[in-house]
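A closer look at the structure
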Number of protein chains: 2
Amino acid sequence: MTLRADAQRNLDRLLDVAGECFAEQGLDVSVDEIARRAGVGHGTVFRNFPSKDDLVIAVLNERIRELTQLALAARDEPDAWEGFAGFFRHVSLLYAENLALIEGLERCAGTPEKGELGRAVEQLVQRAQRAGALRRDVTAEDVMMLVPTAARYPEIVLDGLHVA
Amino acid sequence: MTLRADAQRNLDRLLDVAGECFAEQGLDVSVDEIARRAGVGHGTVFRNFPSKDDLVIAVLNERIRELTQLALAARDEPDAWEGFAGFFRHVSLLYAENLALIEGLERCAGTPEKGELGRAVEQLVQRAQRAGALRRDVTAEDVMMLVPTAARYPEIVLDGLHVA
DNA sequence: CGGTAAGCGGACTAGCCAGTCCGCTTAGGG
DNA sequence: CCCTAAGCGGACTGGCTAGTCCGCTTACCG
């Protein structure tokens, strides 16, 4: 079962615009505003996503998949600490320019996307710990919790995480 | 011009209850709920505070004055780094159990209370820096920005701030 | 103890929100 | 090109919010 061409265009545009709105203004933007900026009626939003929450989760899951790709790439860096630190810096930047990540990531607990991200970051953390470069008393979850602050001060937090 | 005894009781109770509500649930609690928990009608809230925002600021200013007292006490600690670190740990705890601080402190920019707090923290920071124990590239403002994350991981962030 | 103004609180308004529904439009297969 | 169902969007609902207002209550002064 495939969508009509115009419907598919609207859906794509909707996800793009919703991503921008949530990033700029946080998850409290009204569905009306998203629909207006996407050039559709808000009825169209609710046909594609039964509730606003479903739209939020769809957008966040896209962002989470991107984070997972970053983590997997960082795992392939030759130096374990540099791989970890590079990932941390990159994610900090993304958080700094995306309110949706700060406000909404915990809503995705339990989704398969969040699980994959968790596993990827865990590998990164364990590799850096085995190399003796990362404090042994932090978990992957701790690391992700530290990112929001780190968004403005990544080097200070990295210094606190580093074993010299 | 002094308040009638019952009116004064209501006002005190209102500030207490509002402080609790904002701490537990954040600044989005409705005025209705605060009034109900304080045992008054919500008309009474708006007689004391022209808008909800005025109530929020009144509550936050109380918290800020408490923080300022902590900073002034920390300045009198014999060891400059321990004074700073103790203040940082204490404030982290307060943030961890008070949503209002996380959500609302920036609203108080410009109030005299916020100015005093800024000056007190600045003294603390400069003393620790003169003692060679605190990174020279952070300002008092940076320190206060780091607290929210530090609420869960104060020792890691302190380690990042410390000069060994 | 009685008069009065300070104080009270709930009914009311206006605005915003998510979510529903249905008559109109139009894409696209035959 | 025409027919039809997929898709559209805006009018509508219901619930929640901050803020207003006024008739009733009660603290407290003389």
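Owing to the predicted nature of the structure, the values given are computational and were not obtained by experimental measurement.

Looking now at the relation of the copies chain A and chain B. By a simple turn and slide, chain A fits onto chain B: the slide is 0.0 Å along the axis, the RMSD is 0.0 Å, and the turn is 180°. Those values place the two copies in the arrangement expected of a two-fold rotation axis. Taking the C-alpha atom as reference, chain A places Gly160(A) closest to the rotation axis, 1.8 Å from it. Take the interface residues of chain A: 100% of them recur as interface residues in chain B, which is what a same-surface contact looks like.

Right, let's talk about the protein's contact with DNA strand C for a bit. Taken together, 22 residues surround DNA strand C, and among them Ala5(A), Lys52(A), Arg4(B), Asn10(B) and Arg47(B) come closest. Atoms of DNA strand C within 4 Å of the protein: sugar and phosphate make up 70%, bases the balance. Between DNA strand C and Val31(A), the relevant distance is 3.0 Å, taken from a phosphate oxygen to a main-chain nitrogen or oxygen of the residue. Between DNA strand C and the protein, one listed contact pairs a phosphate oxygen with a side-chain N or O atom of Asn10(B) at 2.5 Å. Going through the elements one at a time, helix H1 (5-25) and helix H3 (42-48) of chain A together with helix H1 (5-25) and helix H3 (42-48) of chain B are the ones with two or more residues in the surface near DNA strand C. By residue number, the principal contributor to the surface near DNA strand C is H3(B), which donates 4 residues. Split into classes, the residues belonging to the surface near DNA strand C amount to 7 nonpolar, 9 polar and 6 charged.

Residues and elements named next belong to chain A. Taken N-terminus to C-terminus, the directions of helix H5 (residues 80-96) and helix H9 (residues 154-161) make an angle of 145°; their axes are 10 Å apart at the nearest point. For the pair H5 and H9, the sense of crossing is right-handed. Mapping the contact onto sequence places Trp81, Phe84, Ala85, Phe88, Arg89 and Ser92 in H5 and Pro154, Glu155, Val157, Leu158 and Leu161 in H9. In terms of residue class, the contact of H5 with H9 is made up of 8 nonpolar, 1 polar and 2 charged.

Thresholds, definitions, all that
- Residues numbered from 1 in each chain as written.
- Chains lettered and ligands numbered in written order.
- Predicted model: local features only at pLDDT ≥ 70, side-chain atom pairs only at ≥ 80, totals over all residues.
- Heavy atoms only, no water.
- Least-squares fit on C-alpha atoms with pLDDT ≥ 70 in both.
- Contact = heavy atoms within 4.5 Å.
- Near = heavy atom within 4 Å.
- Polar contact = N/O pair within 3.5 Å; in protein donor to acceptor, adjacent residues only side chain to side chain.
- Helix = DSSP H or I, 4+ residues; strand = E, 2+ residues; numbered from the N terminus.
- Nonpolar A, V, L, I, M, F, W, Y, C, P; charged D, E, K, R; others polar.
- Axes fitted to C-alpha atoms, helices over the stretch in contact; angles between N-to-C directions.
- Left-handed = near helix turned anticlockwise from the far one by under 90°.

What is shown is where atoms sit, not what they do.
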